[in-house]
Amino acid sequence: MSLVPYLPPDQRRLLSRFWESASGYWRGRAAWRAWVLIAMMVATVLLQLWTQYRLNFWNRDFFNAIGRKDGTELWRQAWLFVPLAAASIFLVIVSVWVRMTTQRQWRQWLSSHLYDFWLCGGRYRRLRFMLGEHQTPEYRIAEDAKVATDVPVDLVVGLLSSVLNAITFIGVLWSVGGSLVLKVFGQHVSIPGYLVLAVVAYSVLVTAAMMFIGRHLMRVLGESKRAEADLRAIGAHLRESGEGSALPDERQDGRQVIGGALAKVIAQWRALCWQLMRMTLVSQTNLLLTPVIGLLLCMPKYLVGLMSLGEVVQAAAAFTIVQAAFNWITDSYARLAEWRSSANRVASLLLALDQVDQSEEPADPEMAEGNTSGAKAQFGRLAQD
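Residues numbered from 1 in each chain as written. Predicted model: local features only at pLDDT ≥ 70, side-chain atom pairs only at ≥ 80, totals over all residues. Heavy atoms only, no water.

**Topic: the side chain of Thr51**
Here Thr51 lies in helix α2 (residues 31–68). What makes Thr51 buried here is its relative accessible area of 2%. Ignoring sequence-local partners within four residues, the contact set of Thr51 consists of Leu84, Ala87, Ser88 and Leu91. (Helix = DSSP H or I, 4+ residues; strand = E, 2+ residues; numbered from the N terminus. Buried < 20%, exposed > 50% of the residue type's maximum accessible area, 1.4 Å probe, protein only. Contact = heavy atoms within 4.5 Å.)

In structure tokens form, the structure reads like this:
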């Protein structure tokens, strides 16, 4: 078989090839199940938003009762908390079921498609003649296909929730916080919606810091996955070569090769560790500072009696929710990088299999028929498992 000329695909081609196959789950006669799950997911997000909105106002009423030392109102608010907490817990459980069911079914569909494409027609035998990034195809189907279908569902649900939370609780911040009047050079300056302006500025600062620190994350993740794949490929090659028939010097050479591959894996792991440590510094600092900043911004109005204790707590909680919504990109940056790396690896396998179909195969009907029937039998056993 002649080698097919190979040019490394760019990012656009890889993503286009991945979605060409992966989007098949959302089309066809059985796609209605996927869209039912999507509708349930959206409904759950909306109900969670409503529950969170009600809990935000419950915080205001509860702490206002504490400020007034009103025992009767405190007990009433305590009883109101029970159904709100129960609804919140129930919706979170339903959300986990809907999300993981969607991920499981999408992964099952994509993995079956990849196994069929890889095994049928003897492609798995001819793949080794193709150039490109297609080592350890079994791992790409088993692991990378899992990541490539799990992460998009999490990211889309998180994005939808973040957008709705930001819109809803910006309104809360604007109405509760109102305007802040400052005395500057003897003049009174009014800042309308100062809590909204503050949360936007703070979120931009945190996002910029995370993007700057994590700018190399996608490259590091891709190199780490590539090193892991090379290590598995070398190990599989040594096993298949047969230890019993290998000469001592050949075993020693094999040990040196796999040792070098392991050293690359450890080096990439170390680089990934340092990258994640720097990003954790930003995310953890933000997690600790956000509620404190929200409270401090309310103190000027609280100390002069323009905000009640309940409104301070309500505004601080809304500030935290809005800031978390704005920081969806930073919170999801690592997962987005992981998804792109896995999707690229699945796409590289698909492109290599495309080359198999485009390459010239010597006419051998008996071998082709045997490869096809064997692949279909193997695919059938995998499907049953």
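Back to the write-up after that little detour.
**Observations concerning the packing of helix α1 (residues 11–22) against helix α10 (residues 328–358)**
At a minimum axis distance of 8 Å, the contact between α1 and α10 shows a crossing angle of 80 degrees. Judged by the inter-axis angle, α1 sits roughly perpendicular to α10. Between α1 and α10, the residues in contact are Gln11, Arg13, Leu14, Leu15, Arg17, Phe18, Trp19 and Ser21 and Trp339, Arg340, Ala343, Asn344, Val346, Ala347, Ser348, Leu350, Leu351 and Asp354, respectively. The residue inventory of the contact of α1 with α10, partitioned by class, reads 10 nonpolar, four polar and four charged. (Axes fitted to C-alpha atoms, helices over the stretch in contact; angles between N-to-C directions. Parallel < 35°, antiparallel > 145°, perpendicular 65-115°, else oblique. Nonpolar A, V, L, I, M, F, W, Y, C, P; charged D, E, K, R; others polar.)

**Quick word on the environment of Thr285**
Here Thr285 shows up in helix α8 (residues 248–303). Considered as a pair, Thr285 and Val206 are 79 residues apart in the sequence and their alpha carbons are 9.6 Å apart. A polar atom in the side chain of Thr285 sits 2.6 Å from the backbone oxygen of Leu281. (Polar contact = N/O pair within 3.5 Å; in protein donor to acceptor, adjacent residues only side chain to side chain.)

**Some points on a nonpolar patch on the surface**
Residues Trp32, Val36, Met40 and Trp97 make up a contiguous nonpolar surface patch of roughly 430 Å² in combined accessible area. When residues in the nonpolar patch are grouped by element, the largest group, three residues, is from α2. The exposure class of Trp32 is exposed, given its relative accessible area of 52%. (Patch = residues over 30% accessible without salt bridge, like charges linked within 9 Å, V, L, I, M, F, W, Y side chains within 5 Å. Areas by Shrake-Rupley, 256 points an atom, 1.4 Å probe, with all protein chains shown as cover. Salt bridge = Lys/Arg side-chain N within 4 Å of Asp/Glu carboxyl O.)

**Overview of helix α9 (residues 309–326)**
Under the 1.5 Å per step criterion, the end-to-end length of α9 is 26 Å for 18 residues, consistent within 8% with the ideal 26 Å. Of the residues making up α9, those classed as buried are Gly310, Val312, Val313, Gln314, Ala315, Ala316, Ala318, Phe319, Ile321, Val322, Gln323 and Ala325. (Expected span 1.5 Å × (residues − 1).)

**Structural notes on unusual backbone geometry**
With a phi angle near 55 degrees, Lys69 is a residue other than glycine that sits in the positive phi range. Considering the arrangement of structural elements, one finds Lys69 in the loop between α2 and α3 (71–119).

**Structural notes on the UniProt feature "transmembrane region" (unreviewed entry) in the protein**
Per the UniProt record, the feature "transmembrane region" (unreviewed entry) sits at residues 30–50, 78–98, 155–174, 194–213 and 287–306. For residues 30–50, the helix share is 95%, the strand share is 0%, and the end-to-end C-alpha distance is 32 Å. Helix makes up 100% of residues 78–98 and strand 0%, with an end-to-end C-alpha separation of 31 Å. (UniProt positions renumbered as here; feature names shortened; annotations may be inferred.)

**Structural notes on the nonpolar core**
In terms of nonpolar packing, the biggest core is built from 35 residues, with Phe18, Leu114 and Leu127 touching the most fellow members. Contributions of two or more residues to this core are made by α1, α2, α3, α5 (137–177) and α10. For this core, the element with the highest residue contribution is α10, accounting for 10 residues. With 19 residues, the next largest nonpolar core counts Phe57, Phe169, Val176 and Met307 among its residues. (Core = buried A, V, L, I, M, F, W, Y, C linked by side-chain atoms within 4.5 Å.)

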